Amino acid sequence: MSELINNRAELKKEASERQQLLKEIIKDLHAGRSVEEVKAQFEKAVGNISVSEISQLEQALMEEEGIPVEEVQRLCSVHTAVFKGSIDDIHASTSQKAEEEAGHPIHTFKLENKEIDLLVNFKLQLHYERFEKEDSPDNIQKLSEDIQLLVEIDKHYSRKENLLFPFLEKYGIYGPTQVMWGVDDRIRAAIKLAKQQLEDYHGEKQDILNNIYFIIQEATEMIFKEENILFPMALSTLTEDEWIKIAAESEEIGYCLIKPVEKWIPKRVSMQETSALDKIESGLIQFETGILSVKQLELMLNHLPVNITFIDKDDVVRYFSHGKERIFARTKAVIGRTVQNCHPPKSVHIVEKLLNDFKSGKKDSEDFWIKFKDKYVYIRYFAVRNEQSEYMGTLEFTQNIHPIQAIDGEKRILD
């Protein structure tokens, strides 16, 4: 027994030492050492590294060393180059089989990555090189078509961020999710900029070349990070029930460049699915001003011409309405997730400021309005307080006011 205890202690010590070495390497990169120097040090000192250790490294850098998420994002591409070829992808055979099943979320993610890789490294690269030689209208048009297709990558990233990340966070895995979300946002922003540059082209050739080169490099690196770090880690962490939930919610956000070849139904799951609503008992809820059944209340909320989300006093998302037309994507995976982790890292400070103002009593509401696709979106936040004025949570109220702005005159009779 003492030998077993000693072995465990030795393994724990070895893991701790390896983690410390990895931290030092990343710090060296941050301090300006070259990738080649660090790569040699990495291979000599550490050898092979598992996917879980990369996850622990990123999280330790942020939590224990106090390195901001933005810094880890900046280093992410560099340390990927170091780790490439050194990752020890050891996964259970059950995980390998699961990801190969048509319709499984990972199978779909990988099919999308193949299409993204083909679009970015074949079509876009080819038209990039032609545009580099000659910025003719035809070459500009070809690039524009490629970039328009690449806008679809938002669906791939959104499913990852709003479905996969919440489940990983339930297991305490935050580092990779925060880092990847930040990089995803930079890729999205670059695609949006390229689209605008090509639509309003006035000879800014080098600016476009620089931006598209960035897109090609970052999108390619993200494919590697997903398939060699994120997906294996998720497969070894999430349960089959959790993958079923992700698969069921994916349609809500949509797919990038392809659609799943078929619906994924594990053998143990019945073909006849029972929805959560069917399981709700038909009880009545007594309000101060009336009585409603659970079904009536849910239907009423879902028929409002607005989207409602409620966050409790601990910043946890507890409810969102599910109307016919959602302005922003919401999936059931956000339920039970802190609202801070439902937003990109770059905007978390805004969320924190808003919630702190509500909790302190400094504010009771806050309004924003933005143009989003063909909509003009009015976003309102209200502090929810009880009879003793204690903060109980925040209500988000989102509405497309574009049709309302078009109203003129009066309407007094029924058409």
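The coordinates are above.
Everything numeric in this text was worked out from a predicted model, so none of it was measured. (Residues numbered from 1 in each chain as written. Predicted model: local features only at pLDDT ≥ 70, side-chain atom pairs only at ≥ 80, totals over all residues. Heavy atoms only, no water.)

Student: Hey, could you run me through the sheet that holds strand β8 (residues 375-385) in this one?
Tutor: Read across the sheet, five strands follow the order β6-β5-β9-β8-β7 without closing on themselves; strand pairing throughout is antiparallel. Edge positions in the open sheet fall to β6 (317-320) and β7 (365-372), since each of these has one partner strand only. Neighbour-to-neighbour, the strand axes of this sheet turn through a mean angle of 15°, independent of strand direction. Alignment of β8 against strand β9 (residues 391-400), held across nine bridges, turns out to be antiparallel. (Pairing = 2+ DSSP bridges. Helix = DSSP H or I, 4+ residues; strand = E, 2+ residues; numbered from the N terminus. Axes fitted to C-alpha atoms, helices over the stretch in contact; angles between N-to-C directions.)

Student: Honestly, helix α6 (residues 105-133) in this entry has me stumped. Any pointers?
Tutor: Along an α-helix, residues three or four positions apart point the same way, because every turn accommodates 3.6 residues. In this model, α6 (29 residues) spans 41 Å end to end at C-alpha, consistent with the 42 Å of a helix rising 1.5 Å per residue. Maximal helix bending in α6 amounts to about 35°, located at Leu124. (Expected span 1.5 Å × (residues − 1). Bend = angle between axes of the 7 residues up to and from the residue.)

Student: Where do I start with the environment of Leu354 in this structure?
Tutor: Locating Leu354 in the fold gives a position in helix α14 (residues 348-360). If we skip the residues at most four places from it in the chain, Leu354 touches Glu366 and Tyr381. (Contact = heavy atoms within 4.5 Å.)

Student: I would appreciate a short explanation of helix α8 (residues 153-170) in the present structure.
Tutor: Compared with an ideal rise of 1.5 Å per residue, which puts 18 residues at 26 Å, α8 spans 25 Å between its outermost C-alpha atoms and is within 8% of the ideal. The largest bend in α8 is about 35°, located at Leu164, with the proline Pro166 one to four residues further on. Most of α8 sits out of view: 15 of its 18 residues are buried. Just past α8, the residue Gly172 takes up positive phi, approximately 80°. (Buried < 20%, exposed > 50% of the residue type's maximum accessible area, 1.4 Å probe, protein only.)

Student: I'm lost on the pattern of salt bridges in this one. Help?
Tutor: Opposite charge on two side chains allows them to pair when their charged atoms are near. In this structure the tally under the stated criterion is 20 salt bridges. Taking the shortest distance from any N to any O, the salt bridge between Glu112 and Arg159 comes out at 2.8 Å. Placement of the pair is Glu112 in helix α6 and Arg159 in helix α8, with a sequence separation of 47 residues. For the pair Glu112 and Arg159, a shared accessibility class is recorded, and that class is buried. For Arg380, the salt bridge goes to Asp367, with nearest N and O atoms at 3.1 Å. Taken together, the positions of Arg380 in strand β8 and Asp367 in strand β7 put the pair 13 residues apart, joining distant regions of the chain. Relative accessible area serves as the criterion here: at 23%, Asp367 is assigned to the partly exposed category. A network of salt bridges, in which partner residues are shared, links Asp154, Glu161, Asp185 and Arg188. (Salt bridge = Lys/Arg side-chain N within 4 Å of Asp/Glu carboxyl O.)

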